[in-house]
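Summary of structural features
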Amino acid sequence: MSLPKDGNAAREWVDRLASAAQLKCPGRVAVLDADAVMVSNLRVWENLVLPLWYREGGALEGFEGRLSNLLVATGLSEDRQTILMGLQPAALDRGERRLMVLLRSLLLEPSCVIVEEEFWRDMLGRGEETAHGRAWRALLAAECMIVAGGCEVPGGWGLVAEREEE
């Protein structure tokens, strides 16, 4: 089954897929949608850390340390990190939002990643030594990655199964 072309139908399809994945990997599913959605009234660092805090509880300072380690691993300068973390999502361009949702996903240490085709293709086209490439490569360590789309499968990737649950 290919991802529906209609935006609302596609989101519903990805939501159903994520719900099914949550049954197999509770609390360990990350979804990377093409629009890289973030909560508009929260600063970037809050968008990244709060989902982990909701899941695990505890002191935010510990999560900020984990985020700081991820930011260092991307190779972004300390000045750029500080600027990005203090911004509202509306101030980010699409590429920056995608990097931030990659980092948010990495913080959650997902077992299963569901990625929309447009986002996936964008990551495949980025160099491995870019901040995006470093974060993407780390995310590929997940046990399962599902690309939601209707594309042909490029070399190095494989189609495992295609079926629709009733």
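The structure under discussion appears in the preceding block.
Residues numbered from 1 in each chain as written. Predicted model: local features only at pLDDT ≥ 70, side-chain atom pairs only at ≥ 80, totals over all residues. Heavy atoms only, no water.

1. Brief notes about the overall build of the protein chain
For clarity, the threshold we go by: Think of it this way: any DSSP run of H or I at least four residues long counts as a helix, any run of E at least two long counts as a strand, and we number them from the N terminus. Per-residue accessibility, obtained with a 1.4 Å probe over protein chains only, is compared with the maximum for each type, and a residue is labelled buried under 20%, exposed over 50%, and partly exposed between these values. For this analysis, residues touch if any pair of their heavy atoms sits within 4.5 Å. The Shrake-Rupley method, run with a 1.4 Å probe, gives the accessible areas here. Residue values count only the displayed protein chains as cover.
In terms of helices and strands, the protein chain carries seven helices and three strands. N-terminal to C-terminal, the α/β element order of the protein chain is α-β-α-α-α-α-β-α-α-β. Burial status across the protein chain gives 40% buried among its 166 residues. Sequence-distant contacts, at least 24 apart, represent 71% of the contacts inside the protein chain between residues at least 6 apart. In the structure as shown, the protein chain presents an accessible area of about 9,400 Å², 52% of it carried by carbon and sulfur atoms.

2. A few points about the packing of helix H2 (residues 44-56) against helix H3 (residues 60-74)
The cut-off we apply is this: Between N-to-C directions, angles span 0 to 180 degrees; the directions come from axes that are lines fitted to C-alpha atoms, helices contributing only their stretch in contact. When an angle is under 35 degrees it counts as roughly parallel; over 145 it counts as roughly antiparallel; between 65 and 115 it counts as roughly perpendicular; any other value is oblique. Crossing handedness follows the turn of the near helix against the far one: under a right angle anticlockwise gives a left-handed crossing, and clockwise gives a right-handed one. Under the convention adopted here, Pro, Cys and the residues Ala, Val, Leu, Ile, Met, Phe, Trp and Tyr are nonpolar, Asp, Glu, Lys and Arg are charged, and Gly plus all remaining residues are polar.
The N-to-C vectors of H2 and H3 enclose an angle of 125°; their axes lie 10 Å apart at closest approach. Of the possible angle classes, the one that applies to H2 and H3 is oblique. Relative to H3, the crossing made by H2 is right-handed. Between H2 and H3, the contacting residues are Trp45, Leu48, Val49, Leu50, Leu52, Trp53 and Glu56 on the first element and Leu60, Phe63, Glu64, Arg66 and Leu67 on the second. Among the residues forming the contact of H2 with H3, the class breakdown is nine nonpolar, no polar and three charged.

3. Here we look at the packing of aromatic side chains
Short version of the rule: Each Phe, Tyr or Trp ring, with Trp reduced to its six-membered ring, pairs with another whose centre is within 6.5 Å; inter-plane angles below 30 degrees give stacked pairs, above 60 give edge-to-face pairs, and intermediate values give tilted ones.
Under the criterion given, the structure shown has one aromatic pair. Both rings, one in Trp53 and one in Tyr54, keep their centres 5.7 Å apart while their planes meet at 45°; by these two values the pair is tilted.

4. Some details on the pattern of salt bridges
For the record, the criterion: Every case where a carboxyl oxygen of Asp or Glu lies within 4 Å of a side-chain nitrogen of Lys or Arg is listed as a salt bridge.
In the structure shown here, the tally under the stated rule is 13 salt bridges. Ionic pairing is found between Glu56 and Arg55, a salt bridge with its closest N-O pair at 2.8 Å. For Glu56, a relative accessible area of 37% translates into the label partly exposed. For Glu129, the salt bridge identified is with Arg134, shortest N-O distance 3.3 Å. Where salt bridges share partners, they join Asp35, Arg94, Arg98, Glu118, Asp122 and Arg126 into one cluster.

5. Quick word on the side chain of Arg98
How we decide: For the purposes of these results, a polar contact is taken to be a pair of N or O atoms within 3.5 Å, where, inside protein, one atom must be able to donate a hydrogen and its partner to accept one; residues adjacent in sequence count only when each atom of the pair is a side-chain atom.
Among the secondary structure elements, Arg98 is positioned in helix H5 (residues 94-108). Given a relative accessible area of 4%, Arg98 falls into the buried group. A polar atom in the side chain of Arg98 sits 3.0 Å from the side chain of Glu118. Ignoring sequence-local partners within four residues, the contact set of Arg98 consists of Ala34, Ala36, Glu118, Phe119, Asp122 and Met123.

6. A few points about the sheet that holds strand E1 (residues 29-32)
Put simply, the rule reads: We treat two strands as partners when DSSP finds at least two bridges between them.
The strand order across the open sheet formed by three strands is E1-E2-E3, and the pairing between neighbours is parallel. Bordering the open sheet on either side are E1 and strand E3 (144-148), each of which pairs with just one other strand. Across this sheet, the average inter-strand angle for adjacent strands is 15°, counted without regard to direction. Of the pairings in the sheet, the one linking E1 to strand E2 (residues 112-116) comprises four bridges and is parallel in character. The partner of Val31 across the bridge, within E2, is Ile114. The strands that helix H6 (residues 117-124) touches are E1, E2 and E3; relative to E2, the one it contacts most, it runs at about 95°.

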